[in-house]
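As a plain string of letters, each chain reads:
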Amino acid sequence: MPLLELTGGSEMKAMLLKEISPVERQPLQWVDLPTPTPGPKEILVKVSACGICHTELDEIEGRLPPNLPIILGHEIVGRIEGLGSGVTTFAQGDRVGIAWINSACGKCQFCQGGVENLCKEFKGTGCDAHGGYAQYTVVSEDFAYPIPQRFSDSEAAPLLCAGAIGYRDLQLSGIKKGQSLGLFGFGASAHIVIQMATYLGCEVFVFTRNEEHRNLARKLGASWAGGPEDETPEKLHCAIDFTPVGETVPHALRALEKGGRLVMAVIRKRNPIPPMDYAQLLWDEKEIKSVANITRKDALEFLSLAAEIPIIPEVQEFRLEEANQALILLKQGKIKGAGVLRMPD
Ligand SMILES: [Zn+2]
Ligand SMILES: [Zn+2]
């Protein structure tokens, strides 16, 4: 079903994806679209900042095919400029965030069991429904979150995906105070996870080829930073793999202590996980667990923890119309911290 049946009098600027393509071809188009109108229980949000994410690369390049044509973006911060009928949670002018979870059925065993992230009818923002690479977006009031005051719009944006998913990754890793945690890849999500992990009293080891990322990791409290094949001074209780490549998986399993758990934080890998020696890498009760989406609870709990610690993400800002270039830099690993698009007024 095309999503572009938008109605309303005024127009907005948006970066629109019409077809799957390598990101190097700069497939997002700068277009005018009708400003959406909020339906029942929906809010109209004037977007001020929207984070960019590896998931967008997966969508653009077809590893996670979106509902085309689509406005990407699921780390949205803005202010409410219109209310649909029956909205009770928010008022005009409230600052809100919108994350990857755009909706879920609310009735199935997963929704009822607190894992709405696994709902069959799960819809992703900027994938199944229009997202935040635009001046305006609409969402159900039940899937928007108040943003704690201490964050600027740009700082809050990456918290909504990188941060909220990182929070879920850390929960699923089962790590406890005093244990050691390995982070493979050190982009937006990892640089938030390290701050939560050290706050919780864990020792953090960071694996990345990028020297600049290693320096940032040490600055943020890593007790060790090296390359993905490097051996750590001790074996790790848990590891989280943020990299888009399959080769990381055997490296991470090798770094784990017996009974250790590897959490895979990405939705798709760019290349397959290589064949692995079971006795060497998996035996001894090692576990691999993947993470799928997030729940509203993750987003809400994480936002309040982030304000408490506090976690202030390092951001690199781009203008909305520079989204293609920003995504290419993201793919090349050249963004320090988290990339955020700023909307024109
Ligand atoms: Zn994301
Ligand atoms: Zn459901």
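See the structure printed just above.
Nothing here was measured: the structure is a model prediction, and the numbers come from that model.

A. Representation of the sheet that holds strand β11 (residues 180-184). Taken together, the six strands give an open sheet; going across it, the order is β13-β12-β11-β14-β15-β16, and neighbouring strands pair in parallel fashion. The outermost strands of the open sheet, each flanked by one partner alone, are β13 (224-226) and β16 (287-290). Adjacent strand axes in the sheet meet at a mean angle of 20 degrees, parallel and antiparallel pairs treated alike. Here four bridges tie strand β15 (residues 256-264) to β16, and the two strands are oriented parallel to one another. When the bridges of β16 are listed, Arg261 appears paired with Glu287. Helix-sheet contacts for helix α3 (residues 153-173) involve β11, β14 (236-241), β15 and β16, and the interaxial angle to β15 is about 150 degrees. Those strands touched by helix α6 (residues 248-255) are β11, β12 (203-207), β14, β15 and β16, and its axis lies near 145 degrees from that of β15.

B. Region of interest: the sheet that holds strand β2 (residues 28-34). Pairing in this open sheet of three strands is antiparallel, and the strands run β2-β1-β4 from one edge to the other. In this open sheet, the two edge strands, each paired with only one partner strand, are β2 and β4 (70-71). In terms of strand pairing, strand β1 (residues 11-17) meets β2 through seven bridges, oriented antiparallel. The residue bridging Leu16 from the neighbouring strand is Gln29, located in β2.

C. Geometry of the nonpolar core. Grouped together as the largest cluster of nonpolar side chains are 100 residues, with contacts concentrated most on Tyr133, Leu183 and Met196. For this core, the element with the highest residue contribution is α3, accounting for 11 residues. Counting 14 residues, the second-largest nonpolar core is a separate cluster that includes Phe207, Val249, Ala255 and Leu281.

D. Structural detail: the coordination of the zinc ion (ligand 2). The coordination sphere of the zinc ion (ligand 2), as far as protein atoms go, consists of Cys105 (SG), Cys108 (SG), Cys111 (SG) and Cys119 (SG), spread over 2.3 to 2.4 Å. Binding-site remark: the zinc ion (ligand 2) is held by donors from one chain whose sequence spacing is C-x2-C-x2-C-x7-C. Of the two residues, Cys105 sits in the loop between β7 (101-103) and α2 (109-112) while Cys119 sits in the loop between α2 and β8 (123-124), which places them 14 residues apart along the sequence. Accessibility expressed as a relative area gives 22% for Cys105, which makes it partly exposed. Given a relative accessible area of 6%, Cys119 falls into the buried group.

E. Main features of the coordination of the zinc ion (ligand 1). Around the zinc ion (ligand 1), the protein supplies Cys53 (SG), His74 (NE2) and Cys161 (SG) as donor atoms, at distances of 2.0 to 2.2 Å. Within one chain, the residues donating to the zinc ion (ligand 1) are spaced in sequence as C-x20-H-x86-C. You can see His74 sitting in the loop between β4 and β5 (76-83) and its partner Cys161 sitting in helix α3, a full 87 residues away along the chain.

F. Up close: the pattern of salt bridges. With the rule as written, the count across this model stands at 20 salt bridges. One salt bridge connects Glu61 with Arg63, and the closest N-O pair in it is separated by 3.0 Å. The residue Glu211 makes a salt bridge to Arg218 at a minimum N-O spacing of 4.0 Å. With a relative accessible area of 39%, Arg218 lands in the partly exposed category. If you follow the salt bridges from partner to partner, you end up with Glu24, Asp58, Glu61, Arg63 and Lys331 in one network.

G. The packing of helix α4 (residues 188-199) against helix α8 (residues 296-308), seen in detail. The contact between α4 and α8 brings their axes to 11 Å, and the two run at 70 degrees. When the axis of α4 is compared with that of α8, the two are roughly perpendicular. Like other packed secondary-structure pairs, α4 and α8 cross with a definite hand, here left-handed. Each of Ile192, Met196 and Tyr199 in α4 lies in contact with α8, whose residues at this interface are Phe302, Leu305 and Glu308. Partitioning the contact of α4 with α8 into residue classes produces five nonpolar, no polar and one charged.

H. Structural context of α6. With respect to burial, α6 is a largely interior element, seven of its eight residues being buried. Thr248, Val249, Pro250, His251, Ala252, Leu253 and Ala255 are the residues of α6 that are buried. For α6, the secondary structure elements touched by its buried residues are β11, β12, β14, β15, α7 (278-282) and β16.

I. Structural context of unusual backbone geometry. The omega torsion across Leu68 and Pro69 is -10 degrees, close enough to zero to call that bond cis. The omega torsion of the bond from Ile309 to Pro310 falls at -15 degrees, within 30 degrees of zero and hence cis. If you trace the backbone, Pro310 turns up in the loop between α8 and β17 (315-319). Positive phi values are uncommon outside glycine, yet Lys41 reaches one of about 65 degrees. Looking at the secondary structure, you find Lys41 in the loop between β2 and β3 (42-51). Although it is not a glycine, Asp284 sits at a positive phi angle of roughly 70 degrees. Position of Asp284 relative to the elements: it lies in the loop between α7 and β16.

J. Region of interest: the side chain of Arg214. Structurally, Arg214 can be placed in helix α5 (residues 211-219). Judged by relative accessible area, Arg214 falls into the buried class, the value being 17%. In terms of polar contacts, Arg214 uses its side chain to reach the backbone carbonyl oxygen of Thr208, at 2.8 Å. Once residues within four sequence positions are removed from consideration, Arg214 is found in contact with Thr208, Arg209, Ala225, Gly226 and Gly227.

Rules of the game
- Residues numbered from 1 in each chain as written.
- Chains lettered and ligands numbered in written order.
- Predicted model: local features only at pLDDT ≥ 70, side-chain atom pairs only at ≥ 80, totals over all residues.
- Heavy atoms only, no water.
- Pairing = 2+ DSSP bridges.
- Helix = DSSP H or I, 4+ residues; strand = E, 2+ residues; numbered from the N terminus.
- Axes fitted to C-alpha atoms, helices over the stretch in contact; angles between N-to-C directions.
- Contact = heavy atoms within 4.5 Å.
- Core = buried A, V, L, I, M, F, W, Y, C linked by side-chain atoms within 4.5 Å.
- Buried < 20%, exposed > 50% of the residue type's maximum accessible area, 1.4 Å probe, protein only.
- Donors = N, O, S within 2.8 Å, 3.2 Å for Na, K, Ca; no water.
- Salt bridge = Lys/Arg side-chain N within 4 Å of Asp/Glu carboxyl O.
- Parallel < 35°, antiparallel > 145°, perpendicular 65-115°, else oblique.
- Left-handed = near helix turned anticlockwise from the far one by under 90°.
- Nonpolar A, V, L, I, M, F, W, Y, C, P; charged D, E, K, R; others polar.
- Polar contact = N/O pair within 3.5 Å; in protein donor to acceptor, adjacent residues only side chain to side chain.

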